[in-house]
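Listed below, chain by chain, are the residues.
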Amino acid sequence: MTHPSTLSGPAPADAAPAILPPELTVVVPSFNERDNVPELARRLDSVLAGIAWEMIVVDDDSPDGTSAVVKDLAGRDPRIRCIRRVGRRGLAGACIEGMLASSAPVVAVMDADLQHDETILPVMLEHIRAGRELVVASRNIEGGSKTEGLSPVRQAVSELGRRLSAMILKAPLTDPMSGFFMMRRSLVEAVAPKLATSGFKILADIVASVPRRPDFVEVPFVFRERVHGESKLDAKVALDYLGFILNKLSGGLIPLRFIFFALVGSSGLVVHMAVLYGLLGLGMHFSWAQAAATVVAMTSNFVMNNAFTYRDAQLKGGRFWSGLVLFYAVCSIGAFGNVGVASWLHAGHASWWIAGLAGAIMGAVFNYAASSTLVWRR
Ligand code: GDD
Ligand code: MN
């Protein structure tokens, strides 16, 4: 195969051997993976021998200096590149940026932490070469598995995610939360503007956003144990996934942010009941216990909304405290509205639960609207 080493004409005879334009870009999102990336690069070099590949590590300015380690590798190997993103976090967004930075016909995404079995990459590429649009490495089909002893909680969350995902996906994936897949770049280029950038939902989002069922195949793999570093999958990531599915189920009608706001509100109810129970147990008078539980729940809602729902407009320092006071005020007005609407409907002979629900929805929508415009102004 010949290759133009300059854009304007044939290479001079004495030019250094040119590298081939890649057929395959392996996008590797990373956060605090400095001890894993050099080993991954070594393994790709051996397993992808004979294939024109490149690796793009998309690092969210890891405090452990992963990007410096990758750039050092890149200085010695032109197949390796690093995108260092500053002031941003999010696995999905990192994957999207990496795929969009590629000009190869085929893109793959895999984790930096060596938990994904790189030896199946050539098999995945063969499927694409044979005409498939999408190849997903799955832990949930014959031959695949999770070696890591997943906690019962994480197993339950994962099962719930799988069932809910089925309602929004254009293809019946057995492992929609897999972070290990390969596709024609054209597939992701077409839907990129529609994709959400937070959390771990990248594959599910692509397969929910494509206009029709992609021609796909799944290949099994064994999810390895992590050796260096630690997992970043936490409750926030799980909540983010749930919000994403609810948003898609409502046809995008209910804004993602309102769903997060409502999810945080539901968590506040749990906090409220727990505090109330505890204080009553300590012998506190009911009215005082209820008042204290309300303040604790509002505070917890504020902290969670600040960290999660409005993380792009996060309040810090003095603005955190003035925001908290404003949030108390907003919630109090919302509570008045809630009780007002519910009482009015109840007086008009609506059944108790319709009146109660309408009041709660009215309160939540008001709190959301007021919080979005007054507390977390963007
Ligand atoms: N750039 C960037 N930004 N990378 C991130 C971020 C982020 O905010 N968060 C995590 N990563 C990188 C990690 O460095 C790692 O390379 C990869 O994304 C996966 O993160 P882990 O924290 O190792 O996830 P896990 O092993 O617990 O989760 C596994 O299961 C998930 C759900 O089934 C992975 O296979 C995920 O890909 C999968 O979605
Ligand atoms: Mn991992």
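What this report covers is the structure whose coordinates are included nearby.

Conventions adopted
- Residues numbered from 1 in each chain as written.
- Chains lettered and ligands numbered in written order.
- Predicted model: local features only at pLDDT ≥ 70, side-chain atom pairs only at ≥ 80, totals over all residues.
- Heavy atoms only, no water.
- Patch = residues over 30% accessible without salt bridge, like charges linked within 9 Å, V, L, I, M, F, W, Y side chains within 5 Å.
- Areas by Shrake-Rupley, 256 points an atom, 1.4 Å probe, with all protein chains shown as cover.
- Salt bridge = Lys/Arg side-chain N within 4 Å of Asp/Glu carboxyl O.
- Helix = DSSP H or I, 4+ residues; strand = E, 2+ residues; numbered from the N terminus.
- Buried < 20%, exposed > 50% of the residue type's maximum accessible area, 1.4 Å probe, protein only.
- Contact = heavy atoms within 4.5 Å.
- Near = heavy atom within 4 Å.
- Polar contact = N/O pair within 3.5 Å; in protein donor to acceptor, adjacent residues only side chain to side chain.
- Nonpolar A, V, L, I, M, F, W, Y, C, P; charged D, E, K, R; others polar.

### Let's talk about a nonpolar patch on the surface
Right, on to step 1. On the surface, a nonpolar cluster with roughly 670 Å² of combined accessible area is contributed by Trp352, Trp353, Ile354, Leu357, Ile361 and Val365.
Right, on to step 2. Its place among the elements puts Trp352 in helix α12 (residues 352-375).
Right, on to step 3. A residue is classified by how much of its surface remains accessible, and Trp352, at 68% relative accessible area, is exposed.

### As for the environment of Thr174
Right, on to step 1. Along the chain, Thr174 falls in the loop between α5 (152-166) and β7 (181-184).
Right, on to step 2. Taking the C-alpha atoms as reference, Thr174 lies 49 Å from Phe286; in sequence the two are 112 residues apart.
Right, on to step 3. In this view, Thr174 contacts Ser138, Asn140, Ile141, Arg162 and Glu218; residues no more than four positions away in its chain are not counted.

### Considering the environment of Phe31
Right, on to step 1. Relative to the elements of secondary structure, Phe31 occurs in the loop between β1 (24-30) and α1 (37-47).
Right, on to step 2. Remark: the alpha-carbon pair of Phe31 and Val136, spanning 105 residues in sequence, is separated by 23 Å.

### A short note on the site of ligand 1
Right, on to step 1. Around ligand 1, the surrounding shell holds 25 residues, and the nearest of these are Glu33, Arg89, Met177, Ser231 and Lys232.
Right, on to step 2. A distance of 3.1 Å separates an oxygen atom of ligand 1 from a polar atom in the side chain of Asp111.
Right, on to step 3. Here an oxygen atom of ligand 1 sits 2.4 Å away from a polar atom, N or O, in the main chain of Lys232.
Right, on to step 4. Protein burial of ligand 1: of its 750 Å² of free accessible surface, 96% is covered by the chains.
Right, on to step 5. Among the elements of the structure, β1 and α3 (91-100) are those that each provide at least two residues to the shell around ligand 1.
Right, on to step 6. Taken together, the residues of the shell around ligand 1 sort by class into 10 nonpolar, 6 polar and 9 charged.

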